[in-house]
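A look at the structure
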Amino acid sequence: MTEHTGAKYGGAPGSRGRTSIADVVVEKIAGMAARDVRGVHALGSGFARSMGSMRERMPGAGSGKSVTRGVSVEVGEVQTAIDLELVVDYGVSITDVAGAVRENVISAVERMAGREVVEVNIMVGDVKLPDEEDEEGEEPERQRLQ
């Protein structure tokens, strides 16, 4: 009787073959991780959020907000780069929020997708003032996550 070891057949079973991760998967992970940070009001520019809000009200467009709005990624075999556009709450330290977003996004993407995050570029496109009304039908993202 011959013994079959993983080494004889090319390594451990878990390492045989390729695992591909679609860009949208990394976008969703990054978007959710960014939204979890206190001080992040929303992702995407005001215009993008308005267009998304209109799209979501169209019949057949699906329900819920796009978790990838304001997120773009470049995913390679082992590395990824992420660009985020944020709307922050008035009164928060933008540099502290950006740092916390970077930490949360890097941790989530590296843990869940197994890709080294080489950079997280953040563009703060707007600040939500206390007396400003949200886009029609939009509630602050941090309130939905608590």
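Use the structure listed above.
Calculation criteria
Residues numbered from 1 in each chain as written. Predicted model: local features only at pLDDT ≥ 70, side-chain atom pairs only at ≥ 80, totals over all residues. Heavy atoms only, no water. Helix = DSSP H or I, 4+ residues; strand = E, 2+ residues; numbered from the N terminus. Buried < 20%, exposed > 50% of the residue type's maximum accessible area, 1.4 Å probe, protein only. Contact = heavy atoms within 4.5 Å. Areas by Shrake-Rupley, 256 points an atom, 1.4 Å probe, with all protein chains shown as cover. Axes fitted to C-alpha atoms, helices over the stretch in contact; angles between N-to-C directions. Left-handed = near helix turned anticlockwise from the far one by under 90°. Pairing = 2+ DSSP bridges. Expected span 1.5 Å × (residues − 1). Patch = residues over 30% accessible without salt bridge, like charges linked within 9 Å, V, L, I, M, F, W, Y side chains within 5 Å. Salt bridge = Lys/Arg side-chain N within 4 Å of Asp/Glu carboxyl O. Lys, Arg positive; Asp, Glu negative; His and termini not counted. Charge placed at Lys NZ, Arg CZ, Asp CG, Glu CD.

A word on the overall build of the protein chain
Looking only at helices and strands, one finds four helices and four strands in the protein chain. Beginning at the N terminus, the succession of helices and strands in the protein chain can be written as α-β-α-β-β-α-β-α. Among the 146 residues that make up the protein chain, the fraction classed as buried is 32%. Intrachain contacts of the protein chain at a sequence separation of at least 6 include 74% that bridge at least 24 residues. Of the roughly 9,000 Å² of accessible surface on the protein chain, 51% is carried by carbon and sulfur atoms.

Quick word on the packing of helix α1 (residues 23–35) against helix α3 (residues 94–113)
The contact between α1 and α3 brings their axes to 8 Å, and the two run at 140 degrees. Note on packing geometry: the crossing formed by α1 with α3 is right-handed. Here V26, I29, A30, A33 and A34 of α1 come into contact with α3, specifically with V101, N104, V105, A108, V109, M112 and A113.

Quick look at the pairing of strand β3 (residues 79–89)
For β3, a buried count of eight out of 11 residues is recorded, marking the element as mostly surrounded by other parts of the structure. With three bridges joining them, strand β1 (residues 40–43) and β3 adopt antiparallel strand pairing. Bridging from a neighbouring strand, V40 pairs with V88 of β3. Here strand β2 (residues 71–75) pairs with β3 via five bridges, running antiparallel. Residue V71 lies in a different strand from β3, and its bridge partner there is L84. Taken together, β2 and the strand that follows it, β3, pair antiparallel across an intervening segment of three residues.

What about α1?
Taking 1.5 Å per residue, 13 residues should reach 18 Å; α1 reaches 18 Å between its end C-alpha atoms and fits that length. Within α1, the full set of buried residues consists of V26, E27, I29, A30, G31, A33, A34 and R35.

Details of a negative patch on the surface
Together, D23, E74, D83 and E119 line one region of the surface with negative charge. Within the element layout of this structure, E119 appears in strand β4 (residues 116–128).

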